[in-house]
Amino acid sequence: QAAWCELPARVLLVLTSQRGVQMYEADGSTLVFWHALDVPEQPTAHSVFARGISAAGGRFVCVGTSSGAVLVFDVPLKGTNVILSEVLEQHREPVTDIAAEQGQAPDGAGDLVTADDSGTLCLWRTGEEFTLLGKIPGYGCTCSSVALWNGIVAAGCGDGQIRLWEAGTGQLRAQVSAHARWIYALDLAPLTGKLLSGAEDSFVHVWKLSRNPDTDDVEVQHCHAECVTDTQVCGARFCDPAGDTFAVTGYDLSEILCY
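Nothing here was measured: the structure is a model prediction, and the numbers come from that model.

### Side note on the pairing of strand β15 (residues 161-166)
Across the six residues of β15, six count as buried, placing the element largely inside the fold. Burial along β15 is two-sided: Q161, R163 and W165 and I162, L164 and E166, pointing in opposite directions, are all buried. Strand direction decides the pairing type here: strand β14 (residues 152-157) and β15, joined by five bridges, are antiparallel. Looking across to β15, one finds that G156 is bridged to I162. Between β14 and β15, which follow one another and run antiparallel, lie three residues, and G160 among them has a positive phi close to 85 degrees.

Written out as structure tokens, the structure reads:
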């Protein structure tokens, strides 16, 4: 995986692989930091890899691993003195995705969510030490992608469902039968609460998340559907903070399609 991690003082390009974690300056010109993964001496049935990348808490970069551990790196304002400050060990399955709060978290809500292959979600509060606020058990299918906005956790799952939880209580607030097949990508536009989902069924959907000001209920509105013909969509991202444009790619596709 590859992701730009935007911290207040700097932007890093973070790459994960079967060997470890690399952090570059935003333009890819300078290798800032390299963290190798522990590879067991005896071959195991499971491969070793890092997956799931997110900036968090203003100065941290979090990266998930195949062992279920989440590595927390403390990034300095400048220079290469990146430190592995903490290892979060709550997941029993490989981590699939990590997301930080993209809006304004309500009081008591977590500002980081981690997901794994069993569909389990962990809600965290970042800080000098990361605090586990709660665990949401899986539904028997992988949670492949997560997003976090205004205290709402959005999770895209292997059964084609998008599930929405409260980041403070872990309460399920909405469930959408969004796709006919495995959801591979979720992205969120922080300015508007638009949610983008892409899946193996060749469809890309745009949704709008909101809270009812009178009841505080979480509401989901379907805004747009796009069929990428004969393509299993594996990547989808908004191109701007308002969610006015998005880009899509698929398996065996050498193009990025922009809408």
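### Description of the UniProt feature "repeat: WD" (unreviewed entry) in the chain
UniProt records the feature "repeat: WD" (unreviewed entry) for residues 176-217 in the present numbering. Here residues 176-217 is 0% helix and 57% strand, with 15 Å between the C-alpha atoms at its ends.

### Details of the side chain of T65
Along the chain, T65 turns up in strand β6 (residues 60-65). By relative accessible area, which is 6% here, T65 ends up buried. From its side chain, T65 meets the backbone oxygen of A69 in a polar contact 2.9 Å long. Once you skip the residues sitting within four places of it in the chain, T65 turns out to touch L37, F49, A50, R51, L71, P94 and V95.

### Some remarks on the pattern of salt bridges
Pairing of side chains with opposite charge becomes possible as their charged atoms draw close. Following the criterion strictly, the structure yields 11 salt bridges and no others. The salt bridge involving E166 is made with R173; its shortest N-O contact spans 2.3 Å. With relative accessibility at 25%, the residue R173 sits in the partly exposed group. Among the salt bridges present, the one from E200 reaches R181, with a minimum N-O distance of 3.4 Å. Residue E200 is found in the loop between β18 (194-199) and β19 (203-211), and its partner R181 is found in the loop between β16 (172-177) and β17 (183-189); the two are separated by 19 residues along the sequence. R181 gets classed as partly exposed once you look at its relative accessible area, which sits at 44%.

### Side note on unusual backbone geometry
You will see that N150, though not glycine, has its phi angle at about 50 degrees, which is positive. On the secondary structure map, N150 appears in the loop between β13 (143-149) and β14. A positive phi angle, near 55 degrees, is found at D230, a position not held by glycine.

### Topic: the side chain of H179
You can see H179 is positioned in the loop between β16 and β17. Residue classification places H179 among the buried residues on the basis of a relative accessible area of 8%. Within the structure, the side chain of H179 is placed 2.8 Å from the side chain of S197, a separation counted as a polar contact. Beyond its immediate sequence surroundings of up to four residues, H179 is in contact with D159, G160, S197, G198, A199, D201, F203 and H205.

### Considering the pairing of strand β20 (residues 218-227)
Relative to β20, β19 runs antiparallel, the two being bridged by nine bridges. Looking at β20, one finds that S210 is bridged to E219. What sits between the antiparallel neighbours β19 and β20 is a turn of six residues, in which D216 has the positive phi angle 65 degrees.

### Some remarks on the layout of surface pockets
In this structure, the largest pocket encloses a volume near 1700 Å³. Those elements that place two or more of their residues in the lining of the largest pocket are β1 (2-6), β5 (50-56), β9 (95-100), β13, β17, β21 (233-238) and β22 (246-250). Broken down by class, the residue content of the lining of the largest pocket amounts to 30 nonpolar, 10 polar and nine charged. Taken as a whole, the second largest pocket encloses approximately 270 Å³ of empty space. Looking at the second largest pocket, it is lined by 17 residues, and the ones nearest its centre are L37, D38, V48, T65 and S67.

Parameters and conventions
- Every chain is numbered independently, its residues counted from 1 as its sequence is written.
- The model is predicted, so local features are restricted to residues of pLDDT at least 70 and side-chain atom pairs to those at 80 or more, both for listing and for counting; the totals for chains, interfaces and linings are taken over all residues.
- To get the side-chain values, all heavy atoms of the structure are used, and hydrogens and water are removed first.
- Exposure classes here rest on a 1.4 Å probe applied to the protein chains alone. A residue is buried below 20% of its type maximum, exposed above 50%, and partly exposed in between.
- Here a strand is any run of E in DSSP of at least two residues, a helix any run of H or I of at least four, and the numbering for each starts at the N terminus.
- When DSSP locates at least two bridges between a pair of strands, those strands are taken to pair.
- UniProt positions are given in the numbering used here, feature names are shortened, and annotations may be inferred rather than shown by experiment.
- The term polar contact refers here to a pair of N or O atoms within 3.5 Å; inside protein, the definition further demands a hydrogen-donor-capable atom paired with an acceptor-capable atom, and it admits residues adjacent in sequence only when both atoms are side-chain atoms.
- We call two residues in contact whenever any of their non-hydrogen atoms come within 4.5 Å of each other.
- Here, a salt bridge means any side-chain nitrogen of Lys or Arg that lies within 4 Å of a carboxyl oxygen of Asp or Glu.
- We place a 1 Å grid over just the protein atoms. Points where a 1.4 Å probe fits but has no way out form a cavity, open points with protein on both sides within 12 Å along at least 5 of 7 lines form a pocket, and any residue with an atom within 4 Å of a point lines it.
- Grid points are joined across faces, edges and corners, and a volume is the space filled by probe spheres set on the points.
- Each residue receives one of three labels: charged for Asp, Glu, Lys and Arg, nonpolar for Ala, Val, Leu, Ile, Met, Phe, Trp, Tyr, Cys and Pro, and polar for the others, Gly being one of them.

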